[in-house]
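Letter by letter, the chains look like this.
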Amino acid sequence: MKKFKIPAVPPTTSKSIRFPNDVIEQVEAQIQGKDCTFTAFVVEAVRWALENLEEQQKQMVFSSSKEE
């Protein structure tokens, strides 16, 4: 059985960014009726994007090393 771990709240910094209105509407439509805030959605989306970029970079390094 996996051990329960109480999550730590990470330190945060407030950033003010501008979103196109259509993006705001799409995000709000996706989180409507769910236990999720706009901020939580955006943070998770950015984390997902960063992880995928990292994977792409690793694959590029791996691919270029195979060509040598």
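### A short note on the overall build of the protein chain
And step 1. Of the regular secondary structure elements, the protein chain holds two helices and zero strands.
And step 2. Against the globule reference of 11 Å for 68 residues, the protein chain gives a C-alpha radius of gyration of 18 Å, more extended than a compact globule.
And step 3. C-alpha extents for the protein chain along the principal axes are approximately 50 × 40 × 25 Å.
And step 4. Expressed as a percentage of its 68 residues, the buried residues of the protein chain come to 4%.
And step 5. On the protein chain, roughly 7,100 Å² of surface is accessible, and the fraction owed to carbon and sulfur atoms is 57%.

### Quick word on the layout of surface pockets
And step 1. Counted as a void, the largest pocket has a volume near 280 Å³.
And step 2. Taken together, Thr13, Lys15, Ile17, Phe19, Phe38, Thr39, Val42, Val43, Val46, Arg47 and Leu50 make up the lining of the largest pocket.

### Examining the packing of aromatic side chains
And step 1. Under the defined criterion, the tally for this structure stands at one aromatic pair.
And step 2. Where Phe19 meets Phe38, the ring centres are 5.2 Å apart and the plane angle is 90 degrees; that geometry is what we call edge-to-face. Of this pair, Phe19 sits in the segment before helix H1 (21–31) while Phe38 sits in helix H2 (residues 38–67); the two residues are 19 residues apart in sequence, bridging distant segments of the chain.

### Examining the pattern of salt bridges
And step 1. According to the stated counting rule, one finds one salt bridge in the structure shown.
And step 2. A salt bridge links Glu54 to Lys58; the nearest nitrogen and oxygen atoms lie 3.6 Å apart. Taken as a pair, Glu54 and Lys58 lie in helix H2 at a separation of four residues, close to a single helical turn.

### Some thoughts on the environment of Lys58
And step 1. Lys58 sits in the partly exposed class, given a relative accessible area of 48%.
And step 2. The sequence separation of Lys58 and Val42 amounts to 16 residues, and the corresponding C-alpha distance is 24 Å.

### Description of a nonpolar patch on the surface
And step 1. Residues Val46, Leu50 and Leu53 make up a contiguous nonpolar surface patch of about 270 Å² in total accessible area.
And step 2. Residue placement: Val46 occurs in helix H2.
And step 3. With relative accessibility at 43%, the residue Val46 sits in the partly exposed group.

Definitions and limits used
Residues numbered from 1 in each chain as written. Predicted model: local features only at pLDDT ≥ 70, side-chain atom pairs only at ≥ 80, totals over all residues. Heavy atoms only, no water. Helix = DSSP H or I, 4+ residues; strand = E, 2+ residues; numbered from the N terminus. Rg over C-alpha atoms; globule rule 2.2 N^0.38 Å. Buried < 20%, exposed > 50% of the residue type's maximum accessible area, 1.4 Å probe, protein only. Areas by Shrake-Rupley, 256 points an atom, 1.4 Å probe, with all protein chains shown as cover. 1 Å grid on protein atoms, 1.4 Å probe; cavity = no way out; pocket = protein on both sides within 12 Å on 5 of 7 lines; lining within 4 Å. Points joined across faces, edges and corners; volume = space filled by probe spheres on them. Phe/Tyr/Trp six-rings, centres within 6.5 Å; stacked < 30°, edge-to-face > 60°. Salt bridge = Lys/Arg side-chain N within 4 Å of Asp/Glu carboxyl O. Patch = residues over 30% accessible without salt bridge, like charges linked within 9 Å, V, L, I, M, F, W, Y side chains within 5 Å.

In short, geometric facts, not functional conclusions.
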